[in-house]
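Now for the letters of each chain:
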There are 2 protein chains.
Amino acid sequence: MAKAKRTLKWQRDPEGMRLRILEAAKQEFSAHGLAGARVDRIAAKAGANKRMLYYHVGNKDELYLAVLEGAYDKIRSEERGLDLEHLDPPEAIRRLIEFTWNYFLRNPEFLSLLQTENLARAKHLKRSTKVKSMHSPFVEMIRTVVLRGVDSGDFQVAVDPVQLYISIAGLCFFYLSNSATLSVIFGRDLLAKDAKDERLSHMVGLVLAALTGRSTALFEIAKAPKSRSAVAQTV
Amino acid sequence: MAKAKRTLKWQRDPEGMRLRILEAAKQEFSAHGLAGARVDRIAAKAGANKRMLYYHVGNKDELYLAVLEGAYDKIRSEERGLDLEHLDPPEAIRRLIEFTWNYFLRNPEFLSLLQTENLARAKHLKRSTKVKSMHSPFVEMIRTVVLRGVDSGDFQVAVDPVQLYISIAGLCFFYLSNSATLSVIFGRDLLAKDAKDERLSHMVGLVLAALTGRSTALFEIAKAPKSRSAVAQTV
DNA sequence: ACAGTATTTATCCAACGAGTTAATTTCTCC
DNA sequence: GGAGAAATTAACTCGTTGGATAAATACTGT
């Protein structure tokens, strides 16, 4: 009864295991928050034993921080590929909005993780050294677009890039991360396809109209989604 | 040693006790989330015994829902006092933004509670009957302002009031509820007095510029906060 | 094939936390 | 001044959970 096991039972793959653990942890933390997350569930989901988490990553807190850092790393790295430098400024802003919106849609766990971490007043993130460094290039990228827009006459004001980004992210984030409660209180399904399309138009219209000072951009958009009651569209 | 106690030891005040419990629960839930909240801590904070919570309100979940409903009730009721009907449309919108911003600033627990509830995908809120009913008047209030603005020629587009409110709330909410992580990643203290003033200007400028299509409103604002680096202001 | 190391499993446990039981104290009204 | 109801307390139960221990199993180089 001992010899039979000649096939590899474990396929020993520390790196793969580490990744599966982090992925499982991401799911768990985003679904239940830090306090609500269960170490056992993470282990189960990763197809591992609980002890493995401690072996490969660390205790619950370290696990959580690793997930968080990974999440920031991923979005900032995708943003670097946006290549806003080669677009004319209004188009660059539109593209940034669309990317942010779609990224948030594709990565709902990222939103949850941020919410969780903010609930904890960034207690854990403050301990991270990696995260702080990855943001200045991003801010500079936006600043450049804004300044080019002002030079070209497309934009009316040299907006603070940080304010602008926070606004863009906020318009996307709040809608999506709070869609559950908003859908309940306003009695609409905000995650329906139509609603999402309408939202994207609204946001692009709002930001571009404000930046360019012409409502042209806004009306272009306003034509697109033909829906609802007669009153009220876009912006 | 028995007679001495002639002063009332409890002053039996069921209604007051209920309120103290709900207040303590609000603090606890907003500080730690649903899973992180500790029933014993709530009791202690309310100056009560744990059994009292169950006696006066119910179990942890019912307690949580009661807090949540109370929070919505409070903000919507303050909003009813805004009296937007008597202001000209742009002024009304400015006032709505300023109210929302200040309310969020004054009631950070409200933000946390919403975050927590959204993390739970509104599971609890869905069970509430009270909350759903209190929002249509609010939406109508905004719709009226928008339509008046279109009629008067102040606004370019008849924005969907729900979209507009979500945008306003989102601009305020994201900045404040995520200020912890944002401050870390951007290396600025977003809760400093200056930063908050700048943010309010930015938001008012952004929304009004988009609605009116004139950047006038935006520049009026832009003059106010004389600060930072040369590059970048307002909007 | 054997020693040494890296990886994984199977159990255990002490602490904690939500919720309960039952006794105790205050109030009310007759 | 006492019976019954309302409010409060103290002590206990019991499942859960993060983390720890130690033994087993696979892999590596020699």
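Residues numbered from 1 in each chain as written. Chains lettered and ligands numbered in written order. Predicted model: local features only at pLDDT ≥ 70, side-chain atom pairs only at ≥ 80, totals over all residues. Heavy atoms only, no water.

Chain A is annotated in an unreviewed UniProt entry as TetR family transcriptional regulator from Bradyrhizobium barranii.

Looking only at helices and strands, chain A features 12 helices and 0 strands. When its helices and strands are written in sequence order, chain A yields α-α-α-α-α-α-α-α-α-α-α-α. Counting across all 235 residues of chain A, residues that qualify as buried make up 58%. Partitioning the intrachain contacts of chain A with sequence separation of at least 6 by distance along the chain shows that 66% fall at a separation of at least 24. (Helix = DSSP H or I, 4+ residues; strand = E, 2+ residues; numbered from the N terminus. Buried < 20%, exposed > 50% of the residue type's maximum accessible area, 1.4 Å probe, protein only. Contact = heavy atoms within 4.5 Å.)

In the numbering adopted here, UniProt assigns the feature "DNA-binding region" (unreviewed entry) to residues 38–57 of chain A. The span residues 38–57 of chain A shows a helical share of 70% and a strand share of 0%, and its end C-alpha atoms are spaced 15 Å apart. (UniProt positions renumbered as here; feature names shortened; annotations may be inferred.)

Aromatic rings considered in pairs are described by the distance between their centres and by the relative angle of their planes. Overall, the coordinates contain 20 aromatic pairs over all chains when judged by the stated rule. Between Y72 of chain A and F110 of chain A the ring centres are 5.9 Å apart and the planes differ by 90°, which places this aromatic pair in the edge-to-face class. Separated by 38 residues along the polypeptide, Y72 of chain A in helix α4 (residues 60–80) and F110 of chain A in helix α6 (residues 108–119) bring together distant segments of the chain. Y72 of chain A gets classed as buried once you look at its relative accessible area, which sits at 3%. We classify F110 of chain A as buried; its relative accessible area is 5%. Note on Y103 of chain A and F110 of chain A: the rings are 6.0 Å apart at their centroids and 85° apart in plane angle, and the pair reads as edge-to-face. Each member of the pair Y103 of chain A and F110 of chain A is classed as buried. An aromatic cluster is defined as three or more aromatic residues linked by ring pairs; in this entry it consists of Y72, F99, Y103, F104, F110 and F173 of chain A together with F174 of chain B. We note R76 of chain B situated over the ring of F138 of chain B; from NZ or CZ to the ring centre the distance is 4.6 Å. (Phe/Tyr/Trp six-rings, centres within 6.5 Å; stacked < 30°, edge-to-face > 60°. Lys NZ or Arg CZ within 6 Å of the ring centre and 35° of its normal.)

Before going further, it helps to examine the packing of α4 of chain A against helix α5 (residues 89–106) of chain A. Residues and elements named next belong to chain A. Contact pair α4 / α5: the axes reach a minimum separation of 11 Å and the direction vectors enclose 145°. The crossing of α4 and α5 is right-handed. Where α4 approaches α5, its residues A71, K74, I75, E78 and E79 are matched on the opposing element by F99, Y103, F104 and R106. Among the residues making up the contact of α4 with α5, the classes are represented as 5 nonpolar, no polar and 4 charged. (Axes fitted to C-alpha atoms, helices over the stretch in contact; angles between N-to-C directions. Left-handed = near helix turned anticlockwise from the far one by under 90°. Nonpolar A, V, L, I, M, F, W, Y, C, P; charged D, E, K, R; others polar.)

Bringing the UniProt feature "transmembrane region" (unreviewed entry) in chain A into the picture now. UniProt records the feature "transmembrane region" (unreviewed entry) at residues 164–187 and 199–219 of chain A, using the numbering of this structure. Secondary structure across residues 164–187 of chain A divides into 92% helix and 0% strand, with the first and last C-alpha atoms of the span separated by 30 Å.

Let us now look at the nonpolar core. Within the largest apolar cluster, 155 residues are counted, with the highest numbers of intra-cluster contacts made by F29 of chain A together with F29 of chain B. Those residues within four positions of F29 of chain A in sequence are excluded, and the remaining contacts are L34, A37, I42, K60, L63, Y64, V67, L113 and T116 of chain A. (Core = buried A, V, L, I, M, F, W, Y, C linked by side-chain atoms within 4.5 Å.)

In this structure, the largest pocket encloses a volume near 640 Å³. In this structure, the largest pocket is lined by 25 residues; those nearest its centre are H32, A35 and G36 of chain A together with H32 and A35 of chain B. Taken together, the elements giving at least two residues each to the lining of the largest pocket come down to α1 (14–36) and α6 of chain A together with α1 (14–36) and α6 (108–119) of chain B. Within the lining of the largest pocket, the residues separate by chemical class into 11 nonpolar, 10 polar and 4 charged. (1 Å grid on protein atoms, 1.4 Å probe; cavity = no way out; pocket = protein on both sides within 12 Å on 5 of 7 lines; lining within 4 Å. Points joined across faces, edges and corners; volume = space filled by probe spheres on them.)

Any residue range with low pLDDT should be treated as having predicted coordinates unsuitable for detailed reading. All names here are of chain A. When the pLDDT values of chain A are averaged, the result is 85; 85% of them are 70 or greater. Across residues 1–10 the pLDDT falls below 50, and counting only partners more than four positions away or on other chains, this stretch makes 0 contacts in the model. Considering only residues more than four positions removed or in separate chains, one finds that residues 219–235, a stretch of pLDDT under 50, has 40 contacts. (pLDDT = per-residue confidence, 0-100.)

We now examine the interface of chain B and chain A. Contacts between the two partners involve 73 residues from chain B and, on the opposite side, 73 residues from chain A. Taken together, the two surfaces of chain B and chain A that pack against each other cover about 6,000 Å², and 68% of this comes from carbon and sulfur. Applying the counting criterion to the chain B and chain A interface returns 2 salt bridges. As a salt-bridge pair, D160 of chain A and R188 of chain B come within 3.0 Å of each other at their nearest N and O atoms. (Buried area = accessible area lost by both parts, 1.4 Å probe. Salt bridge = Lys/Arg side-chain N within 4 Å of Asp/Glu carboxyl O.)

Residues and elements named next belong to chain A. Running from N to C, α4 and α6 cross one another at 130°; their axes reach a closest spacing of 10 Å. Considered as vectors, α4 and α6 are oriented oblique to each other. Classified by chirality, the crossing of α6 by α4 is left-handed. Within the contact between the two elements, α4 uses Y64, V67, L68, A71, Y72 and I75 and α6 uses F110, L113, L114, T116 and E117. (Parallel < 35°, antiparallel > 145°, perpendicular 65-115°, else oblique.)

The next point concerns empty space enclosed by the protein. Evaluation of the coordinates by the stated rule reveals 3 cavities of 30 Å³ or more. Looking at the largest cavity, its volume works out to about 100 Å³. If you go around the largest cavity, you meet 13 residues; those closest to its centre are F174 and L182 of chain A together with R76, L114 and Y165 of chain B. Looking at the lining of the largest cavity, the elements with two or more residues in it are α10 (179–186) of chain A together with α4 (60–80), α6 and α9 (161–177) of chain B. Tallied by class, residues from the lining of the largest cavity come to 10 nonpolar, 2 polar and 1 charged. In terms of lining residues, the second largest cavity is bounded by Y72, R76, F104, F110, L114, Y165, A169 and F173 of chain A together with F174, T181, L182 and I185 of chain B. Grouping the amino acids of the lining of the second largest cavity by side-chain chemistry returns 10 nonpolar, 1 polar and 1 charged.

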